[in-house]
Structures are given as C-alpha cells and as structure tokens.
Amino acid sequence: MDVLQRRVFLEDMVQYKLFLIQADGSNSQQTKDHLTHLVEEILAKVAPLLIQYVWQHQSFNLKYFPEKGGVPAHIGGSTQFGDNVEDEWFIVYLLQQITEAFPELAASVEDNDGEFLLIEAADYLPKWLNPDSSENRIFLYRGELHILPCPSKSSPVGISKDVVPSVAQALALLSTHPEACQASPKICSALRKRLEGFPEKIKSGLHRAHCFIPAGIAMILAQRPDLVAPAVSAFYLRDPVDLQACRSFKIFPPDTQVLTLVTFTRCLYAQLQQQQFTPDRRSGFTLPARSHPQYKAHELGMKLAHGFEILCSKSRPPSSEPDAPVSCNPQWKGFMDSLKRNGYFRGELEGSARYRELTRSAENFFKQSVASKSSASSPGEEVLQLLHSCSPFNLEELKKQESQLPQEDSDSWLDITAQDLERMLQERSGGRADVGSQNSSSTKQTQHVEGTEERRKETKGSKEEEEGGYSLVAVSQGMKNFLNAMSSHEGAELPWSSSTQSFSFDPDSVANALDKLLGSKEEEELDSDDLDDDDDDYEEQEDEEEEKEEGSSGRAEMNGPETLDGLKRYMDQMDQELMSTNIGQSFNLTTYNKTDVDTGSPHPSSNDNLPTHGGLEETEEEIQPLDVDLNLVTNLLESLSCQAGLAGPASNLLQSLGIHLPPNSDPS
C-alpha cells in the first residue's frame, strides 16, 4: 500500500468499526435504522462492563457512519487512551465479546501502528503477511481472529497478496468461507493470551486510596467516580498558566477538606503519586511533615484538588436551565429494558438502595454514551454542572464518615525489583515462545523461574561442569546458526527455536568451563573426542564445500585448481606477515598446539603448505590456529560485562536468539 494513502491516526488513538457481515439488500434508511438499533443493543450488552470502568482519556463509543468512499455503512468510533494502553486492549476485548454475541457483525480495529493485533502474534504470521498486504484482511468475527488468506495449491480460497481487497469483497469472502479465513491456532492463542484476565482486570486494575480533598470534590466523585481521570490529567499536564487559577481556590476552598476514599486506576494513581509538587503558599494548602502517618493522604488530596480547580477554571459557568430528566428521552425505556434482559440489576429489588445506585450509574452512562447530544460538554463543565445541581453538603456529617472508611489498597506494586522485571520479561517471552500450549506455558515458566535457585544449589561437580560446557557451546552454536541463516533484504531472520523453557546456565560454572577449554590441570576431565569430532565434521564439510566449488569452477574454467592454490598461498603469506605484528595477541590460540610443540608431537598448522626456506626457523615460528568458539564466547562475555546490566548489542543479540544469560555477579 502506498505510504501516502495510509490512514493517519493519533499516536494514542484506537479506531474500531463494526460491519454487517451480509448486506440485507435494504435501502440506506433501513440499514441506518437497523445499525442504530444495534448500537443500543450493543451498549446495553456491554453496559455492566463499561459502567464500572474508569477511562484514561476517552470512553468506548459507537455511532452510525453512512456509506462513503467504498466503505459500507457501519457503526464504529475512536478512543484516545492516553498513557494507559490497557484501555486499548479492553476495547479489543469488548469487540471480541460483541462479535461473539452478535454473529452478524465483524469488527476491524487499528491504531497508529496499523493492525496492532498482529504484533502479538508476529512470530506465527505467514511469510506473505506484512503491513503492506494486511489492509482490509484482519477481522474479529464470532469472537475469533480471522485473516483473509492468499490462494495456494492446497486451497484456492483467498485473495492475492498483491491485491488490496475492498471492505465489501473482504466481508463477502469472510461470510462464505469463515473456516478458511480463521487464523491459525497459534495466532489465536497469542491474542487470547494478551486478553486473558479480562473482565477481572477491570477491578484488579483499580487502586483505592485515602485522600484529604475539599467536600465539593468528595460529593462530585460520589456521583461520578470517572471524573477523577480528567482531574488527574489536568494536574499531570499542567503549565504555569494553569497554576495561576490555583493561587486562590475559589471553587474548592481548602478549608472544607474531608478524608474520603478515592478510586483511581493504577495508571492514574502512579501519575499522581510520582509527581513532585509544592503548593503555592497563597493556595491555602499546607502539608504536614513527611513523617506524619497521613502525609500521603494530604499530598494526594492536594494534587487532586489542583486538578479539579484547573478543570473548572477552563470551563464556562453552567447554564441556569436544568437538564431535562433522562426519563423524557424516548431511548431511555428501550435502554432500561435491554439492561434488565442482560441481568444488569443482578436480581435487586426495584426501589432498594442498591437498585437506585445501579439506576443512577445507568443514567450517567446513558447521558454520556447513548443519548445524542448537539454539543458534548467538557469534563470541567460537567464538574460545574454537578456542583451546581448538588444539594449543599453537610461538612459535619462528612467528617463523621471518616472513621467508617474502608482500608486503602497497598501501593507496593509501584516498586518493581530487577528480579521482578526479569521474571515479567521471561513470562512475556516464554508465553510467545510456546503460545500453542497456552494452558501450561505460564505454569512451566513460573516453575522454571522459581526452580532456578534450587537448581543452582543442587548442581555440583561434574553436573555443574557439563551444564557450563553446554552453555558455552550453545552460545557459540547459536551465533553460528545466526550467521549461517539465509535472510532477505527485509532483515535478518532469527533461527532460535520455540521452546517452553528458555536457555539459562549457572554463572558459577563458566570459570570451570573456561578452564577446560584453556587446558588447565583438569584438562583430562574434558572429553576432547567431542571437540575433535566437531572439528573433523567441520573439516569434512569444508572439504565437501571445496570439492563442490572446485567441481563447479572446473566446469566453468580450466584453471580452477590453480586459482584455489594461488588463493591458499596468498592467505598463508598474509598469515606470515601478520605474525610480526601485535594483532595475534588480541586472540586466544588453540592451547593443545603449544603443548604438542613442546613435546615434539606433530600437528597440522595453517602453514603446512608453505615452501620452507628457513628449515628450523620456520618450524619454531609455526602459526597457531585460532579457537573461534573460545574467542567468540570471550568477546561476548566481555561485551556483556561492559554493558553493566543495561541493554546493548551483545545482550540484544543473544536475547533475540533465545539465549538468556544471567547478570554478571563477579565484581572483578
């Protein structure tokens, strides 16, 4: 697809569309009425999830879009999720549930990265699928991910990768061949793994904290808990002009502060907690000493009050005309009936306190999401309107409720150790490596991480040496596989295998393995037959390759053997010239040659084919062959040590090859 023709999205915006999978042949007005009715049904279906959700910036919304530019009439919307990417994935979960409950609909979702659903399953996508060939091919249908295939010898169903299908063509193929269009099990499992935890994540992602806030803010949050998000954002994104309104709190005076329980999302709480801020002396807010047991509650409340004051300072005063009650809206009765059919009231008796609370939440949701508005109000205007419509608060009554507040949540989740980060990264990479066995991968990965220390204590003696030797061989072999892999102009392809347990080794065994490779006193414990066999195999492969090259060159031209001999003599002469320099001192040589020279034992060297003119002098200056594996491992370990635990070329390369090395614990 041409870059200039790509749709442009904001960096933190997700756009979603819901299409009718089969056109019913009705006119545009009937299609509009049908889709508009579906909007009410869908919102009523997902209302129990949406009402309790606190959005970072914008909420999930649906409206009707007429046919335009080859895109059929559909319903859809867009949401800015700000700094909380979980909002984006919650929308994906909602679309999955909607397409499962309404099988006549298929959903597409994109953001500034394009088809971001494919990023989660990047390791399992077919080779032909890339950002240029994925347009109008990715849909959520019946709760599963579907990818329009390319025709192949085994199945003629599909659309060529060089053709960008129209939305109508894509929907027609999806409706007639849904089985052929369904994504592979590994791709579907990768998406399910990313969405696992919903809808429980809605509650687990919340954080309740005690805050000393003005009574007016406490009254507003009691009715509209979701307004905490724009207030936190206003404080988080403040500028010096915004703070001018906070020199004298005219709307929320500090002398009415009460202790209350405020519900944040974890993202909002982290933004508010981690901000360093000192209030203006003229504001009336004074913080106790940091050692005070309620210092955090005072600090959080002060910051939140600044956010609400900034919101209101940017808004117009509310209209004196009261809003019409929700019951006057003709859509309200149908919306309530849909809520009752979907079990929103959970069997509560009509008129009970819980029933009235749920009804009030439904009214707020209906005003924001369902009822059509000529002009949407800003969050600040909504705050002022609520403050204007609320009955006067009783400060003494609010003070009495402070002793009955529930306990606040622990914010220990803000502190993540290096081990916690490593564990999360391993779980993430482990989940991608074996997403096909989703049910057992997380358990195995956890057992692997938890059992690392036990294995370190249990591995001793020869077992420790074997693991160390295997680790070094695995590192060098992984690099060889990477260098030998064939890649295209699009980039290097990593040849690491998808295993359930990531490669790791005991750092204490590295020294023993190096001693064995360097020929220490424990050299007799090293089984050199394996190394000799590897060398023999490698030499045989080289001989075979040379024979093939000689044969092909011999067929092409008559002077092939002479050319190879000349090249070999040229390389040997280069080795002889480099012997007089210090370049060779930067490499580790094969140690058994030095021992063999001392004992007079003959060994092949790289200068065997050189013409000897100096006799004994040439023998004494015999070129020692390099140990490629040893030099590779040594340089990699030195690079990792220089990175000091940070990201760098060596760690990134090994990580991409599926080789996970522990941090260097040797201070020397």
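Residues numbered from 1 in each chain as written. Predicted model: local features only at pLDDT ≥ 70, side-chain atom pairs only at ≥ 80, totals over all residues. Heavy atoms only, no water.

> What's the story with the sheet that holds strand β4 (residues 105-111) in this structure? I'm lost.
Across a sheet, paired strands are connected by hydrogen bonds in the backbone, their directions being either parallel or antiparallel. Strand order in the open sheet formed by 6 strands is β2-β3-β1-β4-β5-β6, and the pairing between neighbours is antiparallel. The outermost strands of the open sheet, each flanked by one partner alone, are β2 (63-65) and β6 (144-147). The sheet shows a mean angle of 35° between the axes of neighbouring strands, direction not considered. Where strand β1 (residues 13-20) lies against β4, 7 bridges are found, and the strand directions are antiparallel. Within the sheet, the bridge partner assigned to Tyr-16 lies in β4 and is Val-109. Here helix α1 (residues 28-51) sits on the sheet in contact with β1, β2, β3 (74-80) and β4, set at roughly 45° to β3. (Pairing = 2+ DSSP bridges. Helix = DSSP H or I, 4+ residues; strand = E, 2+ residues; numbered from the N terminus. Axes fitted to C-alpha atoms, helices over the stretch in contact; angles between N-to-C directions. Contact = heavy atoms within 4.5 Å.)

> Explain the pairing of strand β5 (residues 138-141) here, please?
Consecutive residues of a regular strand have side chains that alternate between opposite faces of the sheet. Here β5 shows a buried face lined by Ile-138 and Leu-140 and a second buried face lined by Phe-139 and Tyr-141. Linking β5 to β6, which pair antiparallel, is a turn of 2 residues; within it Arg-142 sits at a positive phi near 55°. (Buried < 20%, exposed > 50% of the residue type's maximum accessible area, 1.4 Å probe, protein only.)

> In this structure, what is going on with helix α15 (residues 379-389)? I would like to understand it.
One full turn of an α-helix is made of 3.6 residues, so residues set three or four places apart face in the same direction. Among the residues making up α15, those that are buried are Gly-380, Glu-381, Glu-382, Val-383, Leu-384 and Leu-386. Contact partners of the buried residues in α15: α8 (215-223) and α12 (295-313).

> Help me out: how do you make sense of the environment of Ser-160 in this one?
Assignment of secondary structure puts Ser-160 in the loop between β6 and α4 (167-176). Residue classification places Ser-160 among the partly exposed positions, given a relative accessible area of 32%. Along the sequence, Ser-160 and Ser-133 sit 27 residues apart, while their C-alpha atoms lie 9.1 Å from each other. If near-sequence neighbours (up to four positions away) are discounted, Ser-160 is found in contact with Arg-137, Cys-150 and Pro-151.

> Looking at this structure, I do not really get the packing of helix α26 (residues 628-643) against helix α27 (residues 649-656). What am I missing?
Helix-helix packing is described using two parameters, namely the angle between the two axes and the distance between the axes. Two elements in contact, α26 and α27, have axes whose closest approach is 8 Å; the angle formed by their N-to-C orientations is 120°. Contacts from Leu-636, Ser-639, Leu-640 and Gln-643 of α26 reach α27 at Pro-649, Ala-650, Ser-651 and Leu-654. Residue composition of the contact of α26 with α27, by class: 5 nonpolar, 3 polar and no charged. (Nonpolar A, V, L, I, M, F, W, Y, C, P; charged D, E, K, R; others polar.)

> Help me understand the packing of helix α9 (residues 228-236) against helix α11 (residues 266-273), please; the structure alone is not making it clear to me.
Here α9 crosses α11 at 30°, and the two axes come no closer than 10 Å. Here α9 lies roughly parallel to α11, going by the angle between them. Between α9 and α11 the crossing geometry is left-handed. Every residue of α11 that contacts α9 at Val-228, Ala-229, Val-232, Phe-235 and Tyr-236 is listed here: Leu-268, Gln-271 and Leu-272. Of the residues in the contact of α9 with α11, the class split is 7 nonpolar, 1 polar and no charged. (Parallel < 35°, antiparallel > 145°, perpendicular 65-115°, else oblique. Left-handed = near helix turned anticlockwise from the far one by under 90°.)

> Whenever I open this one, the pattern of salt bridges confuses me. Can you help?
Any two side chains of opposite charge can pair, given that their charged atoms come close. Applying the stated criterion to the full structure yields 12 salt bridges. Residues Arg-194 and Glu-86 are paired through a salt bridge, measuring 3.3 Å at the closest nitrogen-oxygen approach. Here Arg-194 is found in helix α6 (residues 185-195), whereas its partner Glu-86 is found in helix α2 (residues 86-101), with 108 residues between them in sequence. Here Glu-86 falls in the partly exposed class, since its relative accessible area comes to 25%. In this structure, the salt-bridge partner of Glu-144 is Arg-192, at a minimum N-O distance of 3.4 Å. With Glu-144 in strand β6 and Arg-192 in helix α6, this residue pair connects regions lying 48 residues apart in the sequence. Residue classification places Glu-144 among the partly exposed residues on the basis of a relative accessible area of 24%. Overall, Arg-192 belongs to the partly exposed group, its relative accessible area being 33%. (Salt bridge = Lys/Arg side-chain N within 4 Å of Asp/Glu carboxyl O.)

> Quick question: what am I supposed to make of the packing of aromatic side chains here?
On inspection of all chains with the given rule, the structure shows 13 aromatic pairs. Arranged with centres 6.1 Å apart and planes meeting at 70°, the rings of Phe-252 and Phe-308 form a pair that is edge-to-face. In this pair, Phe-252 sits in the loop between α10 (240-244) and β8 (257-265) while Phe-308 sits in helix α12, placing the two residues 56 residues apart along the sequence. Phe-308 shares its class with Phe-252; the two are buried. Taken together through their ring pairs, the aromatic side chains of Tyr-53, Trp-55, Phe-90, Tyr-93 and Phe-198 make up a single cluster. The ring of Phe-235 carries the charged tip of Arg-238 above its face, separated from the ring centre by 4.3 Å. (Phe/Tyr/Trp six-rings, centres within 6.5 Å; stacked < 30°, edge-to-face > 60°. Lys NZ or Arg CZ within 6 Å of the ring centre and 35° of its normal.)

> Explain the nonpolar core here, please?
Among soluble globular proteins, nonpolar side chains are generally buried collectively. With 64 residues, the main nonpolar core has Leu-50, Phe-60, Phe-90, Leu-95 and Leu-117 as its most contacted residues. If you tally residues by element for this core, the top one is α1, at 10 residues. Of all hydrophobic cores here, the second largest spans 39 residues; its members include Val-54, Leu-221, Leu-304 and Ala-305. (Core = buried A, V, L, I, M, F, W, Y, C linked by side-chain atoms within 4.5 Å.)

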